[in-house]
Amino acid sequence: MSANGNRMARRLAWLGALVPALFVSQVANAAWDLNLTQGVTETSQTVFDIHMTLLWICVVIGVGVFGVMIYSIFTHRKSKGAVAAQFHESTTIEIIWTVIPTLLLVVMAIPSTVALIDLEDNSASDMSIQVVGYQWKWQYKYLDEELDFFSNLAASSRDQINSDPTGVDNYLLEVDNRLVIPAGKKVRFLITANDVIHSWWVPDFGWKQDAIPGFINEAWTRVEEPGIYRGQCTELCGIDHGFMPIVVEVKPQAEYDAWVAEQKSALKAAAASGDREWAMAELMEKGEEVYMRVCVACHQANGQGIPPAFPAIAGGAISTGPIKGHLDQAMNGVPGTAMQAFAAQLNDVELAAVVTYQRNAFGNEMGDMVQPADVKAAR
Amino acid sequence: MSTTATAVEGEHHHHGPAKGIGRWLFATNHKDIGTMYLWTALAMFFLGGAFAMVIRMELFQPGLQLVNPDWFNRMFTMHGLVMVFGAIMPAWVGFANWQIPLMIGAPDMAMPRMNLLSYWLLPVALLVLVSTFFMEGNAPAFGWTFYAPLSTTFAPDTADFFIFGVHLLGISSIMGAINVIATIVNLRAPGMTLMKMPMFVWTWLITAFLLIAVMPVLAGVVTMMLTDRNFGTAFFDASGGGDPLMFQHIFWFFGHPEVYIMILPSFGVVSQILPTFARKPLFGYASMVYATGAIAFLSFIVWGHHMFATGLPLAGELYFMYATMLIAVPTGVKIFNWAATMWRGSMTFEAPMLFSIAFVFLFTIGGLTGLMMAMGPADMQYHSTYFIVAHFHYTLVPGAVFALMAGTYYWLPIWCGRMYDEKLAKIHFWLSAISVNVLFFPQHFVGLAGMPRRVPDYPLQFADFNMIISIGGFVYGLSQLMFVYIVVKAIRSGKPTPDQVWEGAKGLEWELPNPLPFHTHTTPPRVD
C-alpha cells in the first residue's frame, strides 16, 4: 500500500473513531420512538387509545387556530396594504368558542372516566406482590409464597456508567433479579417505600404508581403475553434515582411455578451456606460482589464515597475501627440517612462478606474477617 | 417650624434621582426599583441558564461524563428554583413597577418604601439560596418541588438555608403584591374605571391576589419542613405518625396558582402588544378579563392533577380531572381572542410583535399538552417523564420568557429613552424561536417513549434525541447573550426615542414625553 493510502487509512481510522463516538454507534442502538407505547395490557391499550384521541383533537384544534393565525399573518399585513378593521366584540362568536370546547371536553371525559374506574378496580386479583422502594433498589415480596428478594441495577450497566455504555444491552434497564409474574393472571401490587418516595413504572403495563413511606398504594395488571418488560423509577429519590430500573418477566404458569420452587430452594441453600466456616478469599470475592451491588451507589467503586453525605470506606473511621462497631453499622444503619439497616436486606453470608471486604479492600488492610456465624450471633 | 421648612425645601429640590450608589440603595422611585428588579432577574436568568447548560451537557451523551448524579440533582433543583423565584417572578415585578404607574396614570407605587424593602429582600434571599453551593453538604438536590421526606429527613443541613431563602422570597413577593393591589385600587387616574384598565394591569391585579393567597401557604409548608428537620415534629414523617403526601397537597395548593403567577402577566403583555401591531383594538376585552379571573379561580381547585399517581382515591382523581379540564375553556377563550385580534388587522412585525405571535403559537402547544395531561388515565403514563418537562417549558420559556422579551422590546424605548437595534432584535427572535423548538419539541417524543425526568443518564434509545435537545439548548442559551447586548447597546448608544414609538400604540404610557422624566404623572391625567 502506498504512503498516501496509509495516510488515508489513518485518517479514516481517526474519523472512524470520532464519528461513531458521536453518531454512528448511537444510530445503531437508536430507536426514533416518537409515541407512547401501546403496551401489553388492556389498560395500556385503553390509555393509548385515549392518548391518540386526545392527540388528534389537539392537532385539529392546533391546525385550526394556527391556520387562522398563519392566514392572517400573510394576508392582513400592512405591507400588503391591509387596512385594520375596528371590530372588537362579538357575543355570538364568543359563545360559540366557549360552548364547543366545553362539549369536546365532555366527550373526552367519558372514556377517561371509564378507564380511571377500571384502573382503580383492584378486586378479584389472583395473587399479590408487595413492592417496596428503597434508595436505590426495589424489594419484591410474594405475599402468597415465602419469597422475597431485592432487585438492583445490573452490574453490566453499573460498570459502564462512567465509561462507555454504548455497547451495553438494555443499558440502565437491566437488573440482577427480575420480578417474575405468571401470564394471564390478575396480579395486584401493594406499593410502598422504606425511605423516600419512589414511583414504580413499567410503560407496557399502562400506569405508574408512587411508592410512599407510610402508605400502601394498590395497582394491578394482567399480562397475557409472556415476555420481558422494562421500566424505571419515576419519582426523584436521591442520587441514584436514574439507576433503579424495574424489569418484569412474564412467564407461562408452569414455568412460573418452577421458577418459584427454584427461588425458594436457592434461598434455603444460601441461608444454609452460612453454617460453615468461610475462608478469607471466599469472603473477599463474595464481599466485592455484594459491595458492587448494594454499597457502590453511595460509597463509590473506589471506596471514596461522596463526603460529607456519603463517607469514605477507604480509611474510614468505621471500616478501620473495631469490628463490632462496623458490623453494627452495616446491620442497623444510621437512622435518618441513606445508610440503611442491611440486616433486613442481606443474609448472614452476604453481611459477613461485605464487612470483611470493606475492612480489607481500598487499602484498609485490617487483616481481620467476619464469619457468617458472627452475624448470626449479632442478629 | 424650621424642620417643616427644611422638609418642604427638601421636597422642592427632589426632582432628579439621588447621586451615586445611594440612588439604588435607598430608591423609592418606581422606575429605579423596576430597573433593579429587571437587572436582578436578568442576572438570575443567566445563572439559572448556566445550570441548565450543565444539565444539557451531561445529557448530551449516555453515561456520566461531566458531573456525578448528586451534582446533576443540584443543577436541576437550582435551575428550577432560580428560574422560578429569581428570574421569572422578579422580572414580572420589575414590569409591574415600571408599567403599572405609567399605565394607570399614577405618580408612583402606593407604598414606595415597602417597595424598596421588598426589592432588597430579593437579592438577600437569592444569596442565601445560592450560598449553599459553598457550604458543607452543598446546594439542595431534591428538586424545586422539594418533596418530603427527601427534603426533610434525607436532606443535608443546607436545606435550612433553602427554607430561610424561601421565607424571604415569600415576604418579598407578598409585599410586592400588596403594593400592586394598593396602587391599582387607589391610584388610577380619574375616569379610569376597572373595566377601562389596560389588560396588563388587569392581569397583574389578579396575579397579586394569587400571590397573597398562596405565598403564605408556601411559607407554611417550608416552616413545617423546618420544624420536622430541627424541632422533632413529624408533619411529613410517616414513622412519627405524619403524612408525606400532605406535603404534596400543601405544596401544590401553592404550586398550581404559582404557575399562573408566572403566566398571567404574560397574557397581559401579549394583550397589549398584539393590538398595537395589528392596529386594531383587543378582541373581547371583557371576556379576556373574565377569562383571566376564571383561570385564577380554577387554579386553586385543581392541585390534585399533579398527584394522579400518588394513590388519590378514585373520587378525588375524577374530581381533579374534571376541574382541570375546565381550565381549557377560559384559556381557549384567550387564545381565540388573540387570533381574532390579529384577524383583519394591519400588521407589522417588529420584535415585540414577533415574540408575541410566537408566544401565542407556542403557548398554545403547551396548553394543548396540558389538556392531554389533565386526563387521569393518560397522565398515569405522561407523569414524571420528559413529556411534562416539554409541557411546562413550552408554557414558561416560549411562554413567560418570550412574553418578557416581547415586553422589554416593546417598552424599552420609553424606559431608557432610546431605541434598540431592530435588526439585531429580529435575529435574536429567530434564533430563539427556532432553537427553543429544537430544545423542547423532541422532549415530547422522549417523554412519550418513556424517558423519566430528573435522571442524569438514560437508556441508549434516547441518545439521539437527547443530543438534538442539547444542541437546541446550547443555541438557545447562547442566543440570549444577544439580548443583553441589544439592551446594553440601546441604553448606551441607541437612537433617541421618537415621540411616536409605535404607530398603533394606545395608552397613558405612550402620552408621556421622551426621554421620560424621573417623576411622571405628577398631575393625574384624565381618562374618558
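Here is what the cut-offs are and how they apply
Residues numbered from 1 in each chain as written. Chains lettered and ligands numbered in written order. Predicted model: local features only at pLDDT ≥ 70, side-chain atom pairs only at ≥ 80, totals over all residues. Helix = DSSP H or I, 4+ residues; strand = E, 2+ residues; numbered from the N terminus. Rg over C-alpha atoms; globule rule 2.2 N^0.38 Å. Buried ≥ 20, exposed ≤ 12 C-beta atoms within 10 Å, placed from the backbone. Contact = placed C-beta atoms within 7 Å. Domains from an automatic or database assignment. Nonpolar A, V, L, I, M, F, W, Y, C, P; charged D, E, K, R; others polar. pLDDT = per-residue confidence, 0-100. Axes fitted to C-alpha atoms, helices over the stretch in contact; angles between N-to-C directions. Parallel < 35°, antiparallel > 145°, perpendicular 65-115°, else oblique. Left-handed = near helix turned anticlockwise from the far one by under 90°. Pairing = 2+ DSSP bridges. Expected span 1.5 Å × (residues − 1).

## Things to note about the overall build of chain A
Assigned secondary structure in chain A consists of 9 helices and 10 strands. Its C-alpha radius of gyration of 28 Å places chain A more than 25% over the 21 Å reference for a compact globule of 379 residues. Dimensions of chain A, computed from the C-alpha atoms along their principal axes, are close to 95 × 75 × 45 Å. Relative to its full complement of 379 residues, chain A shows a buried share of 37%. Excluding contacts between residues fewer than 6 apart, the proportion of contacts in chain A whose partners are at least 24 apart in sequence is 65%.

## Examining the domain arrangement of chain A
Residue and element names in this part refer to chain A. The domains assigned to chain A are domain 1 (42-78 + 88-119), domain 2 (127-270) and domain 3 (276-378). For domain 2 and domain 3, the distance between their C-alpha centres works out to 25 Å. Across the boundary between the two partners, domain 2 contributes 13 residues, which contact 10 residues of domain 3. Residue classes in the side of domain 2 that touches domain 3 are distributed as 7 nonpolar, 3 polar and 3 charged.

## Looking at the confidence of the model for chain B
With 97% of its residues at a pLDDT of 70 or more, chain B shows a mean pLDDT of 94. Low confidence marks residues 1-13 of chain B, where pLDDT is under 50. Its contacts with residues over four positions away, or in another chain, come to 0 contacts.

## What to know about the packing of helix H6 (residues 159-186) of chain B against helix H7 (residues 199-230) of chain B
All names here are of chain B. With their axes 8 Å apart at the nearest point, H6 and H7 run at an angle of 155 degrees to one another. Considering the angle they form, H6 stands roughly antiparallel to H7. In terms of crossing hand, the pair formed by H6 and H7 is left-handed. For the contact of H6 with H7, the class distribution of residues is 22 nonpolar, 4 polar and 2 charged.

## Considerations on the sheet that holds strand E3 (residues 147-151) of chain A
Residues and elements named next belong to chain A. Reading across the sheet, the 5 strands line up as E3-E2-E1-E5-E8 and stay open at both edges, with mixed pairing between neighbours. Lying at the two open borders of the sheet, with one neighbouring strand each, are E3 and strand E8 (217-222). The average undirected angle you get between the axes of adjacent strands in this sheet is 25 degrees. With 7 bridges joining them, strand E1 (residues 127-134) and strand E5 (residues 186-193) adopt parallel strand pairing. Each residue of the ladder has a partner; that of serine 128, found in E5, is arginine 188.

## Here's the deal with helix H8 (residues 244-278) of chain B
All names here are of chain B. Look at H8: 51 Å from first C-alpha to last across 35 residues, which is about the 51 Å you get at 1.5 Å a residue. With 32 of 35 residues buried, H8 lies mostly within the body of the structure. The first or second residue beyond H8 is arginine 279, which carries a positive phi of 55 degrees.

## Let's talk about the interface of chain A and chain B
In many reports, interface size means the accessible area that the parts give up when they come together. Contacts between chain A and chain B engage 91 residues on the former and 84 residues on the latter. Considering every element that reaches the side of chain A that touches chain B, the biggest residue donor is helix H2 (residues 42-75) of chain A, with 15 residues. Among the residues making up the side of chain A that touches chain B, the classes are represented as 49 nonpolar, 30 polar and 12 charged.

## Structural notes on the packing of H2 of chain A against helix H12 (residues 351-374) of chain B
It is at 10 Å that the axes of H2 of chain A and H12 of chain B come closest, and there the two elements cross at 170 degrees. Looking at the two axes, H2 of chain A sits roughly antiparallel to H12 of chain B. From H2 of chain A, Leu54, Leu55, Cys58, Ile61, Gly62, Val65, Phe66, Met69 and Ile73 of chain A reach across to H12 of chain B, where they touch Ile357, Val360, Phe361, Thr364, Leu368, Leu371 and Met372 of chain B. Among the residues making up the contact of H2 of chain A with H12 of chain B, the classes are represented as 14 nonpolar, 2 polar and no charged.

## Focus: the environment of alanine 353 of chain A
Residues and elements named next belong to chain A. With respect to the helices and strands, the residue alanine 353 is situated in helix H8 (residues 348-360). Residue class for alanine 353 comes out buried when judged on the 28 C-beta atoms lying within 10 Å of it. For the pair alanine 353 and alanine 281, spaced 72 residues apart in the sequence, the C-alpha separation amounts to 9.8 Å. Once residues within four sequence positions are removed from consideration, alanine 353 is found in contact with Leu283, Lys286, Gly287 and Val290.

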